[in-house]
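# Analysis of the macromolecular model
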4 protein chains.
Amino acid sequence: MSKIVGIGGSLRSESSSYQALVLAIARVQALGVSAEILDLRQMNLPFCDGTSDYPDYPDVIRLRETVQEADGLILATPEYHGGASGVLKNALDLMSFDQLSGKVTGLISVLGGQSNSNALNELRLVMRWVHAWVIPEQIAIAQAWKAFGEDGKLLDEKLSQRLDKFAESLVENTQRLRGLG
Amino acid sequence: MSKIVGIGGSLRSESSSYQALVLAIARVQALGVSAEILDLRQMNLPFCDGTSDYPDYPDVIRLRETVQEADGLILATPEYHGGASGVLKNALDLMSFDQLSGKVTGLISVLGGQSNSNALNELRLVMRWVHAWVIPEQIAIAQAWKAFGEDGKLLDEKLSQRLDKFAESLVENTQRLRGLG
Amino acid sequence: MSKIVGIGGSLRSESSSYQALVLAIARVQALGVSAEILDLRQMNLPFCDGTSDYPDYPDVIRLRETVQEADGLILATPEYHGGASGVLKNALDLMSFDQLSGKVTGLISVLGGQSNSNALNELRLVMRWVHAWVIPEQIAIAQAWKAFGEDGKLLDEKLSQRLDKFAESLVENTQRLRGLG
Amino acid sequence: MSKIVGIGGSLRSESSSYQALVLAIARVQALGVSAEILDLRQMNLPFCDGTSDYPDYPDVIRLRETVQEADGLILATPEYHGGASGVLKNALDLMSFDQLSGKVTGLISVLGGQSNSNALNELRLVMRWVHAWVIPEQIAIAQAWKAFGEDGKLLDEKLSQRLDKFAESLVENTQRLRGLG
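Here goes a summary of the coordinates provided. Please read these numbers as outputs of a predicted model, since none were measured by experiment.

Bringing the relation of the copies chain C and chain D into the picture now. Mapping chain C onto chain D leaves a residual RMSD of 0.0 Å; the transformation is a rotation of 180° accompanied by 0.0 Å of translation along its axis. A rotation of that kind, with that shift, is consistent with a two-fold axis. Taking C-alpha positions as the reference, the residue of chain C nearest the rotation axis is G86 of chain C, at 2.2 Å. Interface residue correspondence from chain C to chain D reaches 100%, placing this contact among same-surface, isologous pairings.

In structure tokens:
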């Protein structure tokens, strides 16, 4: 059985990217796959200083172990200045090929304004660099402030269906690529 | 008179990107331009949480004010996982159009392995997004562990000349674009 | 006096990117700058085969000479498969640093679907590679089939204003960067 | 059984990217997989004009049919101006989701100068856009003029091993992703 881990790249208390990540993880679980979220707001991580050990930060070990045991990943980021958040990139910087290589990854970005693929493109190239797979399906949620209903679901039915397909592709192709089929 | 500010994206104690930044800033100063470095290792910055005020972190104000007063910028980053460091991106995330728009920017990346433009490309698109200028000249220093001599200078004469031209272009075009000529 | 040349990357008979280019060039001219369009539909260009001479294609020389004499460029492309058109890239491949280096460039993309920066990002990095300048302002025209009125003008007032600013920035910064101010 | 099709993006008579493609296809075949090359120098393709039919160019149909029947693709391009060749992009422009979606793709670039990932990054994003898969392994052959021996093989042993792994990954993951395992 495959296992999927989601990482949210925002530290906002009311984070739309976290909301999108919760929806995606729920859909993955509805497909019978074990999944969990690493909520960076609940973790105490240092800035990466290029060294490998952070004895004062046990959450670095928790981050690494949880990702290492995963088969698939969902990275959800707010788009800040046309890129992934520094917070998310720093969490990736704290890991290495050991944790990330070969993992099957789905990407979500959440934007205040119009839709765009900049942060998604950046993360696709970064994850490629560590020899992870990135699925072709990807989600950009524009104008995030009006994208979610009071129940936390996406108001745009088409986008909601795309999120369904995204989760299905991630689950199916994680099993294929990880030889778990 | 124009003013140029350098920001180094590494927190390593022996940072090659900081070393490269020091060389670049020295060349800018040799051209008669006022320049200073914001050493992120000496600053206490928070992770960006999407809010605008960080009352517990006076260095956020120092970062913003110093960049806001600058005409030109040099961003120097280690390439981590084929991207700019999360540390540097987070520092940019803590700023906005107010500080960054219209600034004339030169980009430097430092890599452990072979030369590559990935982090430079990423930063070029991010700085464009905040409506900064990025000069065409850019510096990628490959195999950084053997790039510098004991005197801190670049051993590769050709690369050293490229750094000269980089500094000249930054100084000259900052004056032109900022109407200071 | 500076001179600006526009190149359209579409061979469609009813090309929206050509339409956008016509509008942009008209605004440049309204600012008192000499400007002309190279309409690739009216030119007979070969596929680039890596050689430098194409004796059977006098339009290669016309392309090169016209661009070489320009101070600024506008590149307008349809976004095909999330990239610039092969037609436009091939025209750029037929030129070299001699024609392109140092030119001040504005980028326009036209899309059938939602707005996106992919083709613009690609062209920004390509033009950087030949040491051209690319202005921070850029234009992406989404859902091009409903973007233009019968008079050929943009229906979206905000987008129309952005095109004004784009032309102003191109004209002003071409003069600054080319030392023509 | 899966089938893999290689497309070379150069029209040079002595094309290094074609040479690299021949090596890659030979390794794919050595793994027992059916493979063929579409040599664009031997095909008569038009510039894409945004229409779908090119009755005067039967090779458009041959291109589309051959790619449509493939499970996997290898795209080999010279890096021109920090991007894929216009020739290759134009060939991709002549196809659509029908031919390209879901295909498992490996990317090769060949450069005159230092190694770089620009053309590879561009093609990765373009192939993603048409919902193809791109394997994490990719090949950039720097200083192509001295990369190959008289027997047509790569002189750099390490690079040659990387090409082996590239072919293995393409074959193995094409079978997995296409459900042919």
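Turning our attention to the interface of chain C and chain D. Each partner contributes to the interface: chain C provides 30 residues, whereas chain D provides 30 residues. Taking both partners together, chain C and chain D bury about 2,400 Å²; carbon and sulfur atoms supply 61% of that area. Of all residues in chain C, F47, H81 and W129 of chain C bury the most surface against chain D, accounting for 33% of the area lost on that side. Taken together, the links from chain C to chain D amount to 0 salt bridges.

Here we come to the relation of the copies chain D and chain B. Take chain D, turn it by 180°, move it 0.0 Å along the axis, and it overlays chain B with an RMSD of 0.0 Å. Of the interface residues in chain D, 100% have counterparts in chain B that sit at the interface too, so the contact is made through matching surfaces.

A few words on the sheet that holds strand β5 (residues 133-141) of chain B. All names here are of chain B. An order of β2-β1-β3-β4-β5 is seen for the 5 strands of this open sheet, with the pairing classed as parallel. Pairing within the sheet leaves two strands with one partner each, and these edge strands are β2 (34-38) and β5. Between one strand axis and the next, the sheet turns by 15° as a mean value, whatever way the strands run. The pairing of strand β4 (residues 104-110) with β5 spans 6 bridges and is classified as parallel. In the sheet register, V110 faces β5, and the bridge partner there is I141.

Turning next to the nonpolar core. Nonpolar side chains in soluble globular proteins generally cluster together in the buried interior. Ranked by internal contacts, the top residues of the largest apolar core, which has 68 residues, are I7, L63 and M127 of chain A together with I7, L63 and M127 of chain B. Sequence-distant contacts of L63 of chain A, defined by excluding residues within four places in its chain, comprise I7, L38, M43, L45, A91, L94 and M95 of chain A.

Turning next to the interface of chain D and chain B. In many analyses, interface size is given as the accessible surface area lost on bringing the parts together. With 6 residues of chain D in contact, the opposing surface of chain B contributes 6 residues. Roughly 430 Å² of surface becomes buried between chain D and chain B when both sides are summed, with 21% attributable to carbon and sulfur atoms. Here chain D and chain B share 4 residue pairs in polar contact (both at pLDDT 80 or more) between them. In the side of chain D that touches chain B, the residues fall into no nonpolar, 6 polar and no charged.

Calculation criteria
- Residues numbered from 1 in each chain as written.
- Chains lettered and ligands numbered in written order.
- Predicted model: local features only at pLDDT ≥ 70, side-chain atom pairs only at ≥ 80, totals over all residues.
- Heavy atoms only, no water.
- Least-squares fit on C-alpha atoms with pLDDT ≥ 70 in both.
- Contact = heavy atoms within 4.5 Å.
- Buried area = accessible area lost by both parts, 1.4 Å probe.
- Salt bridge = Lys/Arg side-chain N within 4 Å of Asp/Glu carboxyl O.
- Pairing = 2+ DSSP bridges.
- Helix = DSSP H or I, 4+ residues; strand = E, 2+ residues; numbered from the N terminus.
- Axes fitted to C-alpha atoms, helices over the stretch in contact; angles between N-to-C directions.
- Core = buried A, V, L, I, M, F, W, Y, C linked by side-chain atoms within 4.5 Å.
- Buried < 20%, exposed > 50% of the residue type's maximum accessible area, 1.4 Å probe, protein only.
- Polar contact = N/O pair within 3.5 Å; in protein donor to acceptor, adjacent residues only side chain to side chain.
- Nonpolar A, V, L, I, M, F, W, Y, C, P; charged D, E, K, R; others polar.

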